[in-house]
Amino acid sequence: MKKSLYLTSALVAASVLALGSTDSMAAGKALKVGVSGSYKAVVGYAKSASGFITSSGVGTAQTGYNTIDVKTDSEVHFKASGTTDAGLKIGVGVELESDQASAATPIDASYLTIGGGFGTIMLGSSVHAAAMLAVNAPSAGAVGVFGGDSNTWVPRPANVSVATTAGANIGGAEHQKIRWNSPSFSGFTAGASYTPDRSSVDNAMPANGGTAGTDGSMIDAALKYSGKMGANAVAASVGYWNHDVTTTAANASTSTEGYSLGASTTMGAFTLGAGYKEVTTTGKTIGSGGTTSISGTAQSLDEEAVNVGVAWTQGKTTLALSYFKSEMDLAAGTEGEDSLTKWTLGAKQNIGPGIDFLGTVQNVVWSDEGDGAANNNKGTAFVGGIAVKF
């Protein structure tokens, strides 16, 4: 019932955008409306470590995994734009997840933008400025270097603390926020975001203090440069992110902050790039009476991640090789690190307007601080498919 209500609401919103507002139409100033989207369908083979599978139990208690799977990822975007009498540019966007696997959260993002000489202000749910302006290593293929794709082929053991969506970007997800992006000036673009409440998607006022206060606010800022050095294109970025939680119910009075750096250059057919992030948590642990530091404990979100890659593009063909590693120190309160390591070789071949053939070979290693087979997994995925943009 809930899913049907969400989907109905999404379709109603899309219909309103497609038809334009009654007032605007009556005034002869109907908004410009556009519909776009994408669909990716892939089939692949992947096999997890035998020790990880057999350690889950014996007989019917043992969890098994298919080696072949079919996966899809699709979105439909509705956008409308217009200009006020004062010359401000107003935009609205609704991004609809259109896969069965995404039925519980059919709206990926929804936002309103206000543009002018000051830049663009966004109100609603969309990516953070630090992620929007980040520069990272190039990639291509059917499986993402960042995000949760890898976990769907080579499952993460429960004891590994590195997130399934781990990447080199900092900041949160598409929470409700206000975001500002500056106009480009001599190749430089700045941006900043404020998220009042990271843990909730409703319209209730955030509760961020006292025992019952479980919400936390976030801020982030970033600066990006894109330009030319001789015949070569160059880009670089730096970002900062902070998440404060003042509740005494969980992670009492903690502050998690991170920064990211990235750079890339294109020289003829080759693009080289790299990205780095570091996240640290400070404050006091739960139940310590405000005396024990959270740093170096299982409650800490301390993390380091690096990605490096090279891509070659010739005509309609792109090949890319990339490396990514993320480590979380003392993730279980014991010596050592939990980590995720990926080597990805990907290819993209354009086979028609808006149609690409994709292929990827990706090696994934999930490592726990301990050496128990149930807490460690590794495998290689061979995936290919077609992506369509419309």
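That block above? That's the structure.
Residues numbered from 1 in each chain as written. Predicted model: local features only at pLDDT ≥ 70, side-chain atom pairs only at ≥ 80, totals over all residues. Heavy atoms only, no water.

**Quick word on the packing of aromatic side chains**
Heads up, the condition is: Two rings belonging to Phe, Tyr or Trp (six-membered ring only in the last case) form a pair when the distance between their centres is within 6.5 Å. Interplanar angles under 30 degrees mark stacking, angles over 60 mark edge-to-face geometry, and anything in between is tilted. Per the convention used, a helix needs a DSSP run of H or I reaching at least four residues, while a strand needs a run of E reaching at least two, with both numbered from the N terminus. The cut-offs for exposure are 20% and 50% of the maximum accessible area for each residue type, with area from a 1.4 Å probe on protein chains only; residues under the lower value are buried, those over the upper are exposed, and the others partly exposed.
Counted according to the given criterion, the structure contains five aromatic pairs. Centroid distance Phe-146 to Phe-324: 5.4 Å. Interplanar angle 65 degrees. Geometry classified as edge-to-face. Of the two residues, Phe-146 is situated in the loop between helix H4 (129-132) and helix H5 (149-153) and Phe-324 in strand S13 (residues 317-329); the sequence distance between them amounts to 178 residues. We classify Phe-324 as buried; its relative accessible area is 0%. Measuring from ring centre to ring centre gives 6.2 Å for Tyr-259 and Tyr-276, while their planes differ by 55 degrees; the resulting arrangement is tilted. With Tyr-259 in strand S10 (residues 254-267) and Tyr-276 in strand S11 (residues 270-282), this pair connects stretches of sequence that are 17 residues apart.

**Considerations on empty space enclosed by the protein**
Condition: Think of a 1 Å grid over just the protein atoms. A cavity is a set of points where a 1.4 Å probe fits yet cannot get out, a pocket is an open set with protein on both sides within 12 Å along at least five of seven lines, and lining residues have an atom within 4 Å of a point. Grid points are joined across faces, edges and corners, and a volume is the space filled by probe spheres set on the points. Gly is placed with the polar residues, together with every amino acid not listed as nonpolar (Ala, Val, Leu, Ile, Met, Phe, Trp, Tyr, Cys and Pro) or charged (Asp, Glu, Lys and Arg).
Across all of its chains, the model carries one cavity of 30 Å³ or more by this definition. One number sums up the size of the largest cavity: a volume of about 30 Å³. For the largest cavity, the full set of lining residues is Ala-134, Val-135, Asn-136, Ala-168, Asn-169, Ser-237, Ser-260, Leu-261, Gly-262 and Tyr-276. For the lining of the largest cavity, a count of residues per class yields five nonpolar, five polar and no charged.

**Overview of the nonpolar core**
The line we're drawing: Here, nonpolar core means buried Ala, Val, Leu, Ile, Met, Phe, Trp, Tyr and Cys residues that are tied together by side-chain atoms lying within 4.5 Å of each other. The contact rule is simple, with two residues in contact once any of their heavy atoms fall within 4.5 Å.
Among the nonpolar cores identified, the biggest contains 20 residues, and Trp-153, Val-162, Phe-324, Leu-340, Trp-366 and Val-383 are the most heavily contacted of them. Secondary-structure elements contributing two or more residues to this core are strand S1 (32-48), S13, strand S15 (355-367) and strand S16 (377-389). Among all residues touching Val-162, those that are not within four sequence positions of it are Arg-156, Ser-326, Met-328, Asp-338, Ser-339, Leu-340 and Trp-366.

**Some details on a nonpolar patch on the surface**
Convention followed: Residues forming no salt bridge and having over 30% relative accessible area are the ones grouped into patches, like charges within 9 Å of each other and nonpolar side chains (Val, Leu, Ile, Met, Phe, Trp, Tyr) within 5 Å. For accessible areas, the Shrake-Rupley method is used with a probe of radius 1.4 Å. Any residue's cover is judged against the shown protein chains and nothing else. By definition here, a salt bridge exists when the distance from a side-chain nitrogen of Lys or Arg to a carboxyl oxygen of Asp or Glu is within 4 Å.
There is a patch of nonpolar side chains on the surface, built from Leu-112, Leu-123, Ile-178, Phe-188, Tyr-194, Ile-219, Leu-223, Val-238, Tyr-240, Tyr-259 and Leu-261 and spanning about 910 Å² of accessible area. Elements that contribute at least two residues to the nonpolar patch include exactly strand S7 (188-195), strand S8 (217-229), strand S9 (232-245) and S10. Relative to the assigned elements, Tyr-194 resides in strand S7.

**Remarks on the pairing of strand S12 (residues 303-314)**
The test is simple: Paired strands, as defined in this entry, are two strands with at least two bridges between them according to DSSP.
By the bridge criterion, 10 bridges tie S11 to S12 in an arrangement that is antiparallel. The residue of S12 that forms the bridge with Ala-274 is Val-308. Taken together, the 11 bridges between S12 and S13 define a ladder with antiparallel strand orientation. Its bridge partner being in S13, Trp-312 is matched across the sheet by Leu-319. Remark: two residues form the turn of the hairpin made by S12 and S13, two consecutive strands paired antiparallel; Gly-315 in that turn has positive phi of roughly 65 degrees.

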